[in-house]
Amino acid sequence: MLKSFFLLCSGVDKNLLQGCSEGEQTKYVGIGATVFFTAVMAFIASAYALFTVFDSVYPALLFGVVWGLLIFNLDRFIVSTIRKRDSFK
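These lines cover the structure that appears in this document, whether it is placed above or below.

Rules of the game
- Residues numbered from 1 in each chain as written.
- Predicted model: local features only at pLDDT ≥ 70, side-chain atom pairs only at ≥ 80, totals over all residues.
- Heavy atoms only, no water.
- Phe/Tyr/Trp six-rings, centres within 6.5 Å; stacked < 30°, edge-to-face > 60°.
- Helix = DSSP H or I, 4+ residues; strand = E, 2+ residues; numbered from the N terminus.
- Buried < 20%, exposed > 50% of the residue type's maximum accessible area, 1.4 Å probe, protein only.
- Arc of directions from axis to C-beta.
- Contact = heavy atoms within 4.5 Å.
- Axes fitted to C-alpha atoms, helices over the stretch in contact; angles between N-to-C directions.
- Parallel < 35°, antiparallel > 145°, perpendicular 65-115°, else oblique.
- Left-handed = near helix turned anticlockwise from the far one by under 90°.
- Nonpolar A, V, L, I, M, F, W, Y, C, P; charged D, E, K, R; others polar.
- 1 Å grid on protein atoms, 1.4 Å probe; cavity = no way out; pocket = protein on both sides within 12 Å on 5 of 7 lines; lining within 4 Å.
- Points joined across faces, edges and corners; volume = space filled by probe spheres on them.

1. A look at the packing of aromatic side chains
Pairs of aromatic rings are described using the distance from one ring centre to the other and the angle between the two planes. A full pass over the atoms with the stated rule returns six aromatic pairs. With 5.2 Å between their ring centres and 80° between their planes, F5 and F36 make a pair best called edge-to-face. Taken together, the residues F5 in helix α1 (residues 2-10) and F36 in helix α3 (residues 22-54) connect sequence positions 31 residues apart. Classification of F5 by relative accessible area gives partly exposed; the value is 32%. With relative accessibility at 26%, the residue F36 sits in the partly exposed group. Taking the centre distance of 6.1 Å and the plane angle of 50° together, the rings of F6 and F36 count as tilted. Pair noted here: F6 is in helix α1 and F36 is in helix α3, with a separation of 30 residues, a long-range link. Taken together through their ring pairs, the aromatic side chains of F5, F6, F36 and F37 make up a single cluster.

2. Side note on α1
For α1, every residue scored as buried is listed here: F6, L7, C9 and S10. Each buried residue of α1 lies within a common arc of 155° when the element is viewed along its axis, so the set occupies one face. Those residues of α1 that are buried lie in contact with α2 (14-17), α3 and α4 (57-80). Following α1 by one or two positions, G11 has its phi on the positive side, about 80°.

3. Examining the packing of α3 against α4
Where α3 meets α4, the closest approach of the two axes is 7 Å, and the angle between their N-to-C directions is 150°. One element, α3, and the other, α4, form an angle in the roughly antiparallel class. As α3 runs across α4, the sense of the crossing is right-handed. Residue classes in the contact of α3 with α4 are distributed as 18 nonpolar, four polar and two charged.

4. Topic: the layout of surface pockets
Volume-wise, the largest pocket comes out at about 220 Å³. Lining the largest pocket are eleven residues, and of these Y28, I31, V79, S80 and I82 sit closest to its centre. Mapped by element, the contributors of at least two residues to the lining of the largest pocket are α3 and α4. With three residues, the top contributor of residues to the lining of the largest pocket is α3. Residue composition of the lining of the largest pocket, grouped by class: five nonpolar, three polar and three charged.

This is the structure in structure tokens:
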């Protein structure tokens, strides 16, 4: 269950990945976990920053959730659109 959630976070095609080796699946689980925990850290940082500025819990949590989701979507988009190339050029 956690593996499929992290695969969802990585933006990988699950049907294509089923035919790949376990090592390749583990790589994408790690990418998804990185994307997810980056969003969690963005939520914590923004909620704390707004709480210290406005001294109110609910607006800080609301903005923290919005900011965390924004960072999650941005990271997931960046990771899922990266293409591998054979050479640097």
